[in-house]
Amino acid sequence: MAQSGNQEIRQVGGASGSDVYRSIAQHQETENWFGRELSGVLQSWAERFIGEFKLEVPEVSLCIEELPFSRYAHFRYGHNGFGLKGEIAFNTRYLQGQREQWQVLGTLLHELLHGWQQAHGTPGKGNYHNREFRRKAASLGLIIDTRGATGYAADSLFKEILRRYHVEVPTVETPAVTRRHRGNSKMKKWSCGCTNVRCAVTLHAQCLQCVQVYRLCE
């Protein structure tokens, strides 16, 4: 993803974002680390989406880390372990050229909408992509099902702003991807009857609780 406007980065966290969110964004911009360039681009686009779509998200704290294969990113409701709100974590597994720039930005907007709902709406319980969330997403061109899988309308406000900043996007509707790569783990499930464990090699062990030998689960 190409760099896009460093001067915008410091404003993420809302129009009057607190010092801690601005400081984190500045740190990510200046620190010599693997996510420096990408986080700068994401910070700029987050501010752009918040302003263009009038989301009024008061706090955004972006990070890049290894998440389960089933997630492109996640939004954490409430506070994270650092006492920050609005955590949006991107999965490093899908940021090394596996996805096009417009898809990564679509994921960013999806997660920002969780921030919008946290601040101005009613987040759903359990399966939190409720009707309010999906209606808001659809108004911008994101077609999201109840499980969070995201597709994109043929034409939309989302695609309009990307084209304005010279990001190529498909001209046709893009269906949601409902299944993702699960990885190549060699871990296999073994069970004694009362406890399950996973192991990459043949397991020769006996459970001290039920005194049964662990057997491979097919």
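*Asks:* Can you break down the packing of helix H3 (residues 101-120) against helix H4 (residues 131-140) residue by residue, with the values?
*Replies:* Packed helices, taken two at a time, are described by the angle their axes make and the gap between the axes. At a minimum axis separation of 10 Å, H3 and H4 run at an interaxial angle of 130 degrees. As judged from the angle between their axes, H3 and H4 are oblique. The interaxial crossing formed by H3 with H4 has right-handed handedness. In contact with Leu109, His110, Leu113, His114, Trp116 and Gln117 of H3, H4 contributes Glu132, Phe133, Lys136, Ala137 and Leu140. Tallied by class, residues from the contact of H3 with H4 come to six nonpolar, three polar and two charged.

*Asks:* With reference to specific residues and values, describe the sheet that holds strand S1 (residues 61-65).
*Replies:* Pairing is mixed across the open sheet formed by three strands, whose spatial order is S1-S3-S2. A strand with exactly one partner marks an edge of an open sheet, and here the two such strands are S1 and strand S2 (73-79). The mean inter-strand angle of the sheet, taken between neighbouring strand axes irrespective of direction, is 25 degrees. Summarising the sheet, S2 and strand S3 (residues 85-91) pair through five bridges and their orientation is antiparallel. Residue pairing for S3: arginine 76 is matched across the bridge by glutamate 87.

*Asks:* Report on the pattern of salt bridges, specifying residues and quantitative values.
*Replies:* This model, assessed by the stated rule, comprises six salt bridges. The partner of arginine 76 in a salt bridge is glutamate 87, with the nearest N and O atoms 3.4 Å apart. Placement of arginine 76 in strand S2 and of glutamate 87 in strand S3 is noted, with a sequence separation of eleven residues between them. Residue classification places glutamate 87 among the buried residues on the basis of a relative accessible area of 7%. Residue arginine 163 is joined to aspartate 155 by a salt bridge in which the shortest nitrogen-to-oxygen separation is 3.4 Å. Given the relative accessible area of 35%, arginine 163 is considered partly exposed. For aspartate 155, a relative accessible area of 59% puts it in the exposed group. Ionic contacts of the salt-bridge type, sharing partners, join the residues Glu52, Glu160 and Arg164 into one network.

*Asks:* Describe the packing of aromatic side chains, listing the residues and the values that go with them.
*Replies:* Scanning the model with the defined rule gives nine aromatic pairs in all. Both rings, one in tryptophan 45 and one in tyrosine 165, keep their centres 5.6 Å apart while their planes meet at 75 degrees; by these two values the pair is edge-to-face. Of the two residues, tryptophan 45 sits in helix H2 (residues 36-52) while tyrosine 165 sits in the loop between helix H5 (157-164) and strand S6 (188-191), which places them 120 residues apart along the sequence. Classification of tyrosine 165 as partly exposed rests on a relative accessible area of 34%. By way of ring pairs, the aromatic residues Trp45, Phe49, Phe53, Trp102, Tyr152, Phe158 and Tyr165 are connected into one cluster. The aromatic ring of tryptophan 45 is capped on one face by arginine 48, whose charged end is 4.5 Å from the ring centroid. The ring of tyrosine 72 is capped by arginine 99, whose NZ or CZ atom sits 3.7 Å from the centre of that ring.

Conventions and cut-offs
Residues numbered from 1 in each chain as written. Predicted model: local features only at pLDDT ≥ 70, side-chain atom pairs only at ≥ 80, totals over all residues. Heavy atoms only, no water. Axes fitted to C-alpha atoms, helices over the stretch in contact; angles between N-to-C directions. Helix = DSSP H or I, 4+ residues; strand = E, 2+ residues; numbered from the N terminus. Parallel < 35°, antiparallel > 145°, perpendicular 65-115°, else oblique. Left-handed = near helix turned anticlockwise from the far one by under 90°. Contact = heavy atoms within 4.5 Å. Nonpolar A, V, L, I, M, F, W, Y, C, P; charged D, E, K, R; others polar. Pairing = 2+ DSSP bridges. Salt bridge = Lys/Arg side-chain N within 4 Å of Asp/Glu carboxyl O. Buried < 20%, exposed > 50% of the residue type's maximum accessible area, 1.4 Å probe, protein only. Phe/Tyr/Trp six-rings, centres within 6.5 Å; stacked < 30°, edge-to-face > 60°. Lys NZ or Arg CZ within 6 Å of the ring centre and 35° of its normal.

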